[in-house]
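Residue-level structure breakdown
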Amino acid sequence: MRVHLGCDHAGLDLKAHLTDRLTELGYDVVDHGPFVYDALDDYPVFCIRAAEGVRRDRDAGLDSLGVVIGGSGNGEQIAANKVEGIRAALAWSDETAKLARDHNDAQVVAVGGRMHSLEDMTRFVELFLAEPFSEDERHVRRIGQLTAYDADGVRPPLPESARGLGPADDQD
């Protein structure tokens, strides 16, 4: 599997560690930068490129996922989610790392380099990369609703359980 990495200055040390660790585990690592510390660098520059790399690989039929790293992981997740066809999830625990793949079929995981120990963040990434998508019908359906909304901007229809109960009913 190919793994695309991108970060900002707050994630530089973790990215270097992950490059070595993932290579040791047999992953094909692609580093989208940065390559030197710059306290003023901008995470979108690197995280968007990492997410685009994942999308390109997957469009070509390759097995590929991504990891984006920053101080909190929030901005990096947002940046990766701007790439069409990419679902990025923020992992802050073992469970969120696994569920990002199992339930959401996320192709990119974001982690916060200032939020956890190196060991915890490494484990989150390894769990994310190892977890398959469940392909459970309810998860496929939900991802389909998100994909359709991205394509046409039309919200999914309200279920009967939500009709006539408030502002959400104004959609139809």
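Refer to the structure presented above.
Residues numbered from 1 in each chain as written. Predicted model: local features only at pLDDT ≥ 70, side-chain atom pairs only at ≥ 80, totals over all residues. Heavy atoms only, no water.

Things to note about the nonpolar core
- One finds L18, L22, V67, F128 and L129 to be the most contacted residues of the largest nonpolar core, which totals 23 residues.
- For this core, the secondary structure elements donating two or more residues are strand 1 (2–7), helix 1 (12–24), strand 3 (64–70), helix 4 (94–102), strand 5 (108–112) and helix 5 (118–130).
- In terms of residue count, helix 5 provides more of this core than any other element does, five residues in total.
- In this structure L22 touches V3, L5, Y27, V29, V125 and L129, once residues within four positions along its chain are discounted.
- Within the second largest apolar cluster, 13 residues are counted, among which are C47, A50, A51 and V108. (Core = buried A, V, L, I, M, F, W, Y, C linked by side-chain atoms within 4.5 Å. Buried < 20%, exposed > 50% of the residue type's maximum accessible area, 1.4 Å probe, protein only. Helix = DSSP H or I, 4+ residues; strand = E, 2+ residues; numbered from the N terminus. Contact = heavy atoms within 4.5 Å.)

Notes on the pattern of salt bridges
- A complete count under the given rule lists 11 salt bridges for this structure.
- The shortest N-O distance in the salt bridge between D57 and R2 comes to 3.0 Å. Of this pair, D57 sits in helix 2 (residues 43–59) while R2 is found in strand 1, placing the two residues 55 residues apart along the sequence.
- Notably, a salt bridge pairs D105 with R101, separated by 2.8 Å at the nearest N-O pair. (Salt bridge = Lys/Arg side-chain N within 4 Å of Asp/Glu carboxyl O.)

Comments concerning the pairing of strand 1
- Within strand 1, five of the six residues are buried, which leaves the element mostly enclosed by the surrounding structure.
- Strand direction decides the pairing type here: strand 1 and strand 2 (residues 28–31), joined by four bridges, are parallel. Looking at the pairing, V3 lines up with V29 of strand 2.
- Regarding the hand of the β-α-β motif, the stretch spanning strand 1, helix 1 and strand 2 is right-handed.
- Here strand 1 runs beside strand 3; their pairing, made up of six bridges, is parallel. Looking across to strand 3, one finds that C7 is bridged to I69. (Pairing = 2+ DSSP bridges. Right-handed = clockwise from strand over helix to strand, strands pointing away.)

Considerations on the sheet that holds strand 3
- Spatial strand order, 2-1-3-5-4: five strands in an open sheet with parallel pairing. Either end of the sheet is taken by a strand with one partner, and the two such strands are strand 2 and strand 4 (88–90). Shown here is a sheet whose adjacent strand axes are inclined to one another by a mean of 25°, direction ignored.
- Lying over the sheet, helix 2 contacts strand 1, strand 3 and strand 5, oriented at roughly 165° with respect to strand 1.
- Most of the contacts of helix 5 go to strand 5, to which it runs at about 170°, and overall it touches strand 1, strand 3 and strand 5. (Axes fitted to C-alpha atoms, helices over the stretch in contact; angles between N-to-C directions.)

As for the pairing of strand 3
- Judged by how many residues are buried, strand 3 sits mostly within the fold: seven of seven residues are covered.
- Burial of the side chains of strand 3 extends over both faces: S64, G66, V68 and G70 are buried on one face and L65, V67 and I69 on the other.
- Pairing geometry for strand 3 and strand 5, over five bridges, is parallel. When the sheet's bridge partners are listed, G70 is paired in strand 5 with G112.

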